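Okay, here's what each chain looks like letter by letter:
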Amino acid sequence: MLPSLVLLPAIAGLLPSVSAAALSSNAQKIEDRAITPLACLFFGDIVSPWWLNRCKQHLDMVVIDLRSAEEYAVSHIPGSISAPFEPISAWSQMGPGDLLLELPEYNDLAAFLGSIGVGNSPSTATKIVLVNGVGVPAFPQAAGPRVALTLKFAGLSTGRVAILDGGFPAWTSESLPSTTEVPVPVPKTFISSPDRSFLVDINYVASKINKNRQGIFILDGRDQAVYNGSILEEWAQRPGHIPSAKNLPTQKVWNPDGSFKSTFELLALLRQQIGYGASRSYGEIIVSCGVGGYASGLYWVLTRMLGFDNVKFFDGSAQQWSNEGYPMEL
Ligand SMILES: *[C@@H]1O[C@H](CO)[C@@H](O)[C@H](O)[C@H]1NC(C)=O
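Residues numbered from 1 in each chain as written. Predicted model: local features only at pLDDT ≥ 70, side-chain atom pairs only at ≥ 80, totals over all residues. Heavy atoms only, no water.

As named in an unreviewed UniProt entry, the chain is Rhodanese domain-containing protein, taken from Podospora pseudoanserina.

What follows is the structure, encoded as structure tokens:
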């Protein structure tokens with residue numbers, strides 16, 4: 001299948017370009033849709049604003065805007081669907097005393113995805129591009145990787161989910177068209193089953209402490225002052241970190257403009273924090289943070305941008321660890 005798709009643009013170049021129909025802009029639009037440009041077949045982990053602008057009409061693709069409803073109302077990428085981060089993450093469904101930022105109910109998530117036009121059936125495989133905001137601290141940026149993780153749990157293979165590099169600010173800084181028009185999604189059938197293969201619970205994490213010399217690392221994405229216990233976040237009962245955990249503050253994976261650092265810089269950052277003991281295939285890295293937001297950023301960088309296939313995710317993070325009486329290290 002792929003070779004013939006790849007050939008299409010080349011063949012198109014051989015067609016006579018002098019016909020009157022080809023000069024009409026309508027015909028041009030139809031041609032644009034019929035022939036997927038070569039660049040659009042490369043759906044990577046992060047996509048640029050220019051790629052998105054060029055390719056969004058060519059692919060079975062849903063662009064999801066994770067910013068607040070207010071921000072979306074002011075201006076958004078044409079055709080993008082508003083799904084503010086909090087309902088997707090299930091944060092807003094949490095009762096008092098519950099763990100924050102846990103994964104949503106699978107059936108709710110699958111129904112939601114179908115309703116916004118994400119198909120997953122033998123005949124459809126919609127791709128998704130996530131659009132986050134940018135801020136300091138980097139919570140808006142972390143929404144992209146967190147929702148990517150949620151989509152992995154939903155059963156979407158990782159190769160179908162990308163993040164717009166630099167989020168919505170990158171789109172506007174390139175002066176690409178934006179709108180206030182709200183699209184009406186065409187529902188599709190979403191059939192899948194939950195993927196829990198990368199999720200680990202508190203007992204699992206407890207069994208993996210002090211194993212750095214066996215290539216098993218716990219990597220904490222919180223800021224250094226939180227990790228070392230000089231700041232106590234509101235959701236944790238006790239300061240410090242999981243014993244033997246290493247620290248790689250997730251804020252450092254982004255440039256100040258909210259775009260991801262290069263893979264070269266990201267790998268250097270990882271080596272600086274945990275040395276050369278961490279291997280892509282040998283041993284394991286368990287990511288953790290305060291409640292599971294920044295850990296999603298580490299999960300994204302390690303698995304999608306640096307190609308690690310041995311990463312596990314501890315969603316309970318410091319909130320569960322400190323509140324259930326497990327030992328904290330300073
Ligand atoms: C903890 O981290 C903060 C921020 O980097 C630093 O200023 C402080 O000195 C550190 N404290 C300890 C005890 O290491």
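Peer 1: What am I meant to see in the site of the ligand here?
Peer 2: Contacts to the ligand come from Gln224, Ala225, Asn228 and Ser230. Contacts to the ligand include Gln224, whose side-chain N or O atom sits 2.6 Å from an oxygen atom. One of the side-chain N or O atoms of Asn228 is found 2.4 Å from an oxygen atom in the ligand. Within the complex, 35% of the 360 Å² of free accessible area of the ligand lies under protein. For the shell around the ligand, a count of residues per class yields 1 nonpolar, 3 polar and no charged. (Near = heavy atom within 4 Å. Polar contact = N/O pair within 3.5 Å; in protein donor to acceptor, adjacent residues only side chain to side chain. Areas by Shrake-Rupley, 256 points an atom, 1.4 Å probe, with all protein chains shown as cover. Nonpolar A, V, L, I, M, F, W, Y, C, P; charged D, E, K, R; others polar.)

Peer 1: Would you take a moment to explain unusual backbone geometry for this structure?
Peer 2: As a rule of thumb, non-glycine residues mostly have phi less than zero, and peptide bonds are mostly trans rather than cis. Here Val136 and Pro137 are connected by a cis peptide whose omega angle stands at -5 degrees. With respect to the element layout, Pro137 can be found in the loop between β6 (127–131) and α8 (139–153). In the Ramachandran plot, Ser317 falls in the positive-phi region, its phi being about 50 degrees despite a non-glycine side chain. (Helix = DSSP H or I, 4+ residues; strand = E, 2+ residues; numbered from the N terminus.)

Peer 1: Before we go on, may I ask you to explain the pairing of strand β8 (residues 216–220) in this structure?
Peer 2: Note on strand geometry: in a regular strand, side chains alternate between the two faces of the sheet. Among the 5 residues in β8, 5 count as buried, and that is most of the element. Across the two faces of β8 the burial is the same, with Ile216, Ile218 and Asp220 and Phe217 and Leu219 all buried. Alignment of β8 against strand β10 (residues 284–288), held across 5 bridges, turns out to be parallel. Considered in β10, the bridge of Phe217 is made with Ile285. Relative to strand β9 (residues 246–247), β8 runs parallel, the two being bridged by 2 bridges. Along β9, the bridge assignment pairs Asp220 with Asn247. (Buried < 20%, exposed > 50% of the residue type's maximum accessible area, 1.4 Å probe, protein only. Pairing = 2+ DSSP bridges.)

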